[in-house]
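Residue-level listing of the chains:
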Amino acid sequence: MAICFLLMMIFIWMPFFASAALLTPPQNITILSTNMKHFLIWSPVAEIAPGEVVKYSVEFQGEYERDYANDSWIPIAECTDVSVTQCDITEDISATVPYNLRVRASTGTQASLWATLNGFFNRVTTSLIPPMLTVTTDGYHLLAELEHLGPAFEFWIFYWKKGPESTVYHKVVRESTTTVHLKTMEAGAEYCVKAQTFVEAINRSSNFSEVQCVKSEDAKVILLTFAPLFLVIFFVAVLVLPFLAWKTCRICQYSFCPDEVLPDTLKLTASPAKILKERGEEMEKCDESVQVLPSEDILLHFWIHETL
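Please read all numbers here as calculations on a predicted model, not as lab measurements. (Residues numbered from 1 in each chain as written. Predicted model: local features only at pLDDT ≥ 70, side-chain atom pairs only at ≥ 80, totals over all residues. Heavy atoms only, no water.)

Enquirer: What am I meant to see in the packing of aromatic side chains here?
Expert: A ring pair, where both rings are aromatic, is described by two values, the distance of the centres and the angle of the planes. Taken as a whole, this structure holds 6 aromatic pairs when the rule is applied. With a centroid separation of 4.9 Å and 20° between ring planes, the pair formed by W156 and F198 is classed as stacked. Of this pair, W156 sits in strand β11 (residues 153-161) while F198 sits in strand β14 (residues 190-199), placing them 42 residues apart in sequence. Between the NZ or CZ atom of R102 and the centre of the ring of W114, over which it lies, the distance is 4.3 Å. Just above the ring of F208 sits the side chain of K194; from NZ or CZ to the centre is 4.2 Å. (Phe/Tyr/Trp six-rings, centres within 6.5 Å; stacked < 30°, edge-to-face > 60°. Helix = DSSP H or I, 4+ residues; strand = E, 2+ residues; numbered from the N terminus. Lys NZ or Arg CZ within 6 Å of the ring centre and 35° of its normal.)

Structure follows, in structure tokens:
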């Protein structure tokens, strides 16, 4: 009786085991890691039947899970039931310790066995490549622009004046989103710049970028370039400034010493010479009409005036 029951169970579950065995685990699992960006990639699994979509799921295991969490695995949410054959694991690889990763394929109710990465991965092994550097000038200013690689990176910039006895200067930049001013250049001199990245989390630095050299403009060239502008400014100053000065004086005059209208009684209707002549003639006539009387006549005249 027990044998019959066992055979029946085997007969029932055999199709599931057979179909599951047909879905092979992913192959060629590897990690591509450049400049602290980590990607797990694998080869696609062949479809069992036409029209079926194979999906993949990825899990990781760090040092803590192996030693303190009963050898458990943590699923990567962004890489669960995805149809692509790669997974960005940068956010999950957050410590400089050995990590193990595994991936499996599934379609419908079928799932393959887990395929594990061959060996452990430590982010300290990431490949650091030299940064993209652009060196420019703005007048006599030496400028450098670097690509943005994320908050984990520092940029070490070295620059010097080209010549037999040159001093190399060093500047550390932690933000690469803006253009960096390096130095005020000497007229007609040539300056060279190179840079490398440094990641404190893994205590490693990249190789240097290619040396880029730029030459500052000569003072005579700048003078000839801006000569027309200076000439225009000079003529504008010569023509406009006197007018502005005259206009300012007029405004001040009207503001502090305004013109007042004279009343009609104070206005002259004739020339001053004519007025003086007429006044003189009137005074002469007045002198002619005045008579000087003796003292007795004055008393008699006064008595007659009082009696009347």
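Next, the rest of the story.
Enquirer: Looking at this structure, I do not really get the layout of surface pockets. What am I missing?
Expert: In this approach, a probe sized like a water molecule rolls over the atoms, and the result shows the empty space that is left. In this structure, the largest pocket encloses a volume near 290 Å³. Looking at the lining of the largest pocket residue by residue, the class counts come to 7 nonpolar, 5 polar and 3 charged. Two domains each put at least three residues into the lining of the largest pocket: domain 1 (21-125) and domain 2 (133-220). (1 Å grid on protein atoms, 1.4 Å probe; cavity = no way out; pocket = protein on both sides within 12 Å on 5 of 7 lines; lining within 4 Å. Points joined across faces, edges and corners; volume = space filled by probe spheres on them. Nonpolar A, V, L, I, M, F, W, Y, C, P; charged D, E, K, R; others polar. Domains from an automatic or database assignment.)

Enquirer: Before we go on, may I ask you to explain the sheet that holds strand β9 (residues 133-138) in this structure?
Expert: One key point about sheets: their strands pair by backbone hydrogen bonds, in either a parallel or an antiparallel sense. Read across the open sheet, the 3 strands follow the order β9-β10-β13; overall the sheet is antiparallel. Since the sheet does not close on itself, it has two edges, and those belong to β9 and β13 (180-184), each with one partner. Between one strand axis and the next, the sheet turns by 25° as a mean value, whatever way the strands run. Strand direction decides the pairing type here: strand β10 (residues 141-146) and β13, joined by 4 bridges, are antiparallel. Within the sheet, the bridge partner assigned to L142 lies in β13 and is K183. (Pairing = 2+ DSSP bridges. Axes fitted to C-alpha atoms, helices over the stretch in contact; angles between N-to-C directions.)

Enquirer: Even after reading the chapter, I still don't get the sheet that holds strand β5 (residues 86-88), so can you show me in this structure?
Expert: Here we have 3 strands laid out as an open sheet, ordered β1-β2-β5, and antiparallel in their pairing. Each edge of the open sheet carries a strand with a single partner, namely β1 (27-34) and β5. Each strand axis lies, on average, 15° off the axis of its neighbour in the sheet, ignoring direction.

Enquirer: Quick question: what am I supposed to make of the environment of S57 here?
Expert: Here S57 is to be found in strand β3 (residues 55-61). With relative accessibility at 11%, the residue S57 sits in the buried group. Residues S57 and R102, 45 residues apart in the sequence, show an inter-C-alpha distance of 8.5 Å. Once residues lying within four places of it in the same chain are set aside, the contact partners of S57 are C79, T80, D81, R102, V103, R104 and W114. A distance of 3.1 Å separates the side chain of S57 from the backbone nitrogen of D81, its partner in a polar contact. (Buried < 20%, exposed > 50% of the residue type's maximum accessible area, 1.4 Å probe, protein only. Contact = heavy atoms within 4.5 Å. Polar contact = N/O pair within 3.5 Å; in protein donor to acceptor, adjacent residues only side chain to side chain.)

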